[in-house]
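This is what each chain is made of:
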Amino acid sequence: MIEAYLNQTAVWYKRTGVNKFNEPTFADAVTIPCRIERKIKLFSKTDSEMIKSDTTVWTKVAVLVGDKIGDRVVQWVEDMQGLTGVEGYKAYL
């Protein structure tokens, strides 16, 4: 159902771990269908930590916190539930 709205593309880099300098490492770039919306949203990660996101990306690809979309790091991910289970994901950058 969500496929009809995924009329844009983005470059996704899946996080694979860290190198010897404790810097994140990523897999090769993959172009994914998505929908990108510029909108500011605040999240409460813990009682004392707030996350500010200014971009939301909807996709069917299972992105995770720490992955990169374009040159931005994914800060928060929500799954979108449908009648048949997970329909897609909302990634906040």
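Residues numbered from 1 in each chain as written. Predicted model: local features only at pLDDT ≥ 70, side-chain atom pairs only at ≥ 80, totals over all residues. Heavy atoms only, no water.

J.: Please provide a residue-by-residue account of the nonpolar core, values included.
T.: Ranked by size, the top nonpolar core spans 10 residues in total: A10, W12, I32, C34, V57, V63, I69, V74, A91 and L93. When contributions to this core are tallied by element, the ones reaching two or more residues are β1 (8-13) and β4 (30-44). Look past the residues within four positions of W12 in its chain and what remains in contact with it is D28, A29, V30, I32, V61, A62, V63, D67, K68 and I69. (Core = buried A, V, L, I, M, F, W, Y, C linked by side-chain atoms within 4.5 Å. Buried < 20%, exposed > 50% of the residue type's maximum accessible area, 1.4 Å probe, protein only. Helix = DSSP H or I, 4+ residues; strand = E, 2+ residues; numbered from the N terminus. Contact = heavy atoms within 4.5 Å.)

J.: Tell me about the pattern of salt bridges, and please be specific about residues and values.
T.: Across all of its chains, the model carries four salt bridges by this definition. One salt bridge connects K60 with E3, and the closest N-O pair in it is separated by 3.2 Å. Taken together, the positions of K60 in the loop between β5 (50-59) and β6 (68-69) and E3 in the segment before β1 put the pair 57 residues apart, joining distant regions of the chain. Residue classification places K60 among the partly exposed residues on the basis of a relative accessible area of 40%. Judged by relative accessible area, E3 falls into the partly exposed class, the value being 44%. A salt bridge links E37 to R35; its shortest N-O distance comes to 3.8 Å. For E37, a relative accessible area of 25% gives the class partly exposed. (Salt bridge = Lys/Arg side-chain N within 4 Å of Asp/Glu carboxyl O.)

J.: Got a sec to walk through the pairing of β5? Specific residues and values, please.
T.: By the criterion of burial, β5 is predominantly enclosed, with seven of the 10 residues buried. Pairing of β4 with β5, which is carried by eight bridges, proceeds in the antiparallel orientation. Within the sheet, the bridge partner assigned to K41 lies in β5 and is S53. Here β5 pairs with strand β9 (residues 85-92) via four bridges, running antiparallel. (Pairing = 2+ DSSP bridges.)

J.: Which residues make up the environment of G66, and what values go with them?
T.: Take G66: it is sitting in the loop between β5 and β6. Separated by 49 residues in sequence, G66 and G17 have C-alpha atoms that sit 9.6 Å apart. Not counting residues within four places of it along the chain, the set of residues in contact with G66 comprises R15, F26, V73 and V74.

J.: Quick one: what's the story with the sheet that holds β9, residue by residue and with numbers?
T.: Backbone-to-backbone hydrogen bonds pair the strands of a sheet. The strands run either parallel or antiparallel. An order of β7-β6-β1-β4-β5-β9-β8 is seen for the seven strands of this open sheet, with the pairing classed as antiparallel. Whereas interior strands pair on both sides, the edge strands pair on one side only; in this sheet they are β7 (72-73) and β8 (76-82). Pairing between β8 and β9: seven bridges, direction antiparallel. Note on β9: the bridge partner recorded for D79 is Y89.

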